[in-house]
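# Structure assessment
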Amino acid sequence: MSRLLYKMNSTKTGKDTKLFLHLKKWLEKAVLDYDMIQEGDRLLIGVSGGADSMVLLDLLDSPMLFIPRFSFVAVNIDMGFEPTYRKYEKLEKYFQKNHYHYVMEKTDIGVLSHSDFNRKNPCFLCSRLRRKRIFEIADAEGCNKIAFAHHRDDIIETLLINMFYGREISTMVPNQSIFGGKLHIIRPLAYLKQEVIKKYSKERRLPILKNDCPTSKTSKRIYIKNLLKKLERDNKEIRDNIYKAMSHVKPDYLLPNKEK
Ligand code: SF4
């Protein structure tokens, strides 16, 4: 798209603020750097209704300067926590107002993951079941890419979660091929910090849904978030340092696997 047409379209949609341009610039850069989107791709955009996913949807539904043409379907999986009725309506109205092609599905995944037999680690089962359903919907909707709203802070926190609790050094990657390349999971917000995403969601007055999951306040991710906040008091660059360390790995200075 030419810069002039881009500017005209952006002004028409009200997406021409400094903050929007900042987010769009870094989203497009991440998409290009990690080769996330090709001409004709059909994306399933995972929309929980939280600020991150609403911003991802809003940005991907914007005039693009460098990203080739693609189509998308917005998918919301309701986890079954009460009260869901009003939330469901609010999100559906938003999808309809914006003429999005969407799938909304009510499930009991959240409730099942918190049942007596699974008290210890609800997040594990919950993410597994939700992801399975998302793969099935992607298949039914003819999508070859799944776009999740994980951002820079999620990537940093996941590295620590995997080290602290999973005994491995790994994180969420910006472009991940699965099922032998049949599907790709992409994370277009990989370069963006959570605080600017939140700020933009307020600027756009996006209808954010509250997370009703009882574990959302006590999860390992929250623990790591709070830990990083404490560490940041002494070292403001700690998040940047961890993020950069992930692409500056020195395998010769790690331990070889001697376990049988
Ligand atoms: S915090 Fe709640 S909704 Fe999120 S993965 Fe864990 S159990 Fe599922």
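In this report, we go over the structure that sits alongside the text. If you're wondering where the values come from, they're calculated on a predicted model, not measured in any experiment.

## A short note on the pairing of strand E1 (residues 42–46)
When you tally the buried positions in E1, you get four out of five residues, the bulk of the element. The pairing of E1 with strand E2 (residues 71–78) spans five bridges and is classified as parallel. What sits directly across from Gly46, in E2, is Val75. Where the polypeptide runs from E1 across helix H3 (residues 51–60) and back to E2, its parallel neighbour, the crossover connection is right-handed. The sheet contact formed by E1 and strand E4 (residues 145–147) spans three bridges and is parallel. By the bridge assignment for E4, Leu44 is matched with Ile146.

## So, the site of the ligand
Lining the immediate surroundings of the ligand are His114, Cys123, Cys126, Arg130, Cys213 and Ser216. Within the shell around the ligand, the residues separate by chemical class into three nonpolar, two polar and one charged.

## So, a nonpolar patch on the surface
Nonpolar side chains collect at one region of the surface, where Met163, Phe164, Tyr165, Ile169, Tyr223, Val249 and Leu254 lie side by side and expose about 720 Å² of accessible area between them. In terms of residue count, the dominant contributor to the nonpolar patch is helix H7 (residues 152–166) (three residues).

Cut-offs applied
Residues numbered from 1 in each chain as written. Predicted model: local features only at pLDDT ≥ 70, side-chain atom pairs only at ≥ 80, totals over all residues. Heavy atoms only, no water. Buried < 20%, exposed > 50% of the residue type's maximum accessible area, 1.4 Å probe, protein only. Helix = DSSP H or I, 4+ residues; strand = E, 2+ residues; numbered from the N terminus. Pairing = 2+ DSSP bridges. Right-handed = clockwise from strand over helix to strand, strands pointing away. Near = heavy atom within 4 Å. Nonpolar A, V, L, I, M, F, W, Y, C, P; charged D, E, K, R; others polar. Patch = residues over 30% accessible without salt bridge, like charges linked within 9 Å, V, L, I, M, F, W, Y side chains within 5 Å. Areas by Shrake-Rupley, 256 points an atom, 1.4 Å probe, with all protein chains shown as cover. Salt bridge = Lys/Arg side-chain N within 4 Å of Asp/Glu carboxyl O.

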